[in-house]
Amino acid sequence: MILMIIGMACLGHILTDFLQQFDKLPNKPFKCNLCLTTWLTLIPACVLYGWEGILIAAIAGVVSETIYKKLI
């Protein structure tokens, strides 16, 4: 579970950085680390862990935002 949280946080951060270059996309949820990672993690985490997947998605979003704050 911890590897999934860290992996999805990193994936969300990388995807958000990639989507920054597209001006026509709205800022939320596509250019916000917290938003994109939460939505990106929600369905896979709920499939694997049930209702705990909501908590896992929220934690992955916060970890992604922390990665963003520490890198910049």
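Just above, that's the structure.
Just so we're clear, the structure is a prediction, and the values are computed from it rather than from any experiment.

A.B. asks: Whenever I open this one, the environment of S64 confuses me. Can you help?
C.D. replies: Within the fold, S64 resides in helix 3 (residues 52-71). Separated by 53 residues in the primary sequence, S64 and L11 place their C-alpha atoms 8.6 Å from one another. What S64 contacts, discounting residues up to four positions off in sequence, is A9, G12, H13, N33 and T37. In terms of polar contacts, S64 uses its side chain to reach the side chain of T37, at 3.1 Å.

A.B. asks: It is not clear to me how a nonpolar patch on the surface should be interpreted in this structure. Could you clarify?
C.D. replies: On the surface, a cluster of nonpolar side chains totalling about 300 Å² of accessible area is made up of M1, L48 and Y49. By the secondary structure assignment, L48 is in helix 2 (residues 33-49).

A.B. asks: Would you explain the nonpolar core in this entry?
C.D. replies: In a soluble, globular protein the nonpolar side chains are often hidden away together inside. Residues M4, I5, M8, A45, I56 and A60 constitute the largest nonpolar core, which totals 6 residues. For this core, the secondary-structure elements that each account for two or more residues are helix 1 (2-19) and helix 3. Top element by residues in this core is helix 1. It accounts for 3 residues. Discounting residues that sit within four places of it in the chain, I56 has contacts with M1, I5, A45 and Y49.

Definitions and limits used
Residues numbered from 1 in each chain as written. Predicted model: local features only at pLDDT ≥ 70, side-chain atom pairs only at ≥ 80, totals over all residues. Heavy atoms only, no water. Helix = DSSP H or I, 4+ residues; strand = E, 2+ residues; numbered from the N terminus. Contact = heavy atoms within 4.5 Å. Polar contact = N/O pair within 3.5 Å; in protein donor to acceptor, adjacent residues only side chain to side chain. Patch = residues over 30% accessible without salt bridge, like charges linked within 9 Å, V, L, I, M, F, W, Y side chains within 5 Å. Areas by Shrake-Rupley, 256 points an atom, 1.4 Å probe, with all protein chains shown as cover. Salt bridge = Lys/Arg side-chain N within 4 Å of Asp/Glu carboxyl O. Core = buried A, V, L, I, M, F, W, Y, C linked by side-chain atoms within 4.5 Å. Buried < 20%, exposed > 50% of the residue type's maximum accessible area, 1.4 Å probe, protein only.

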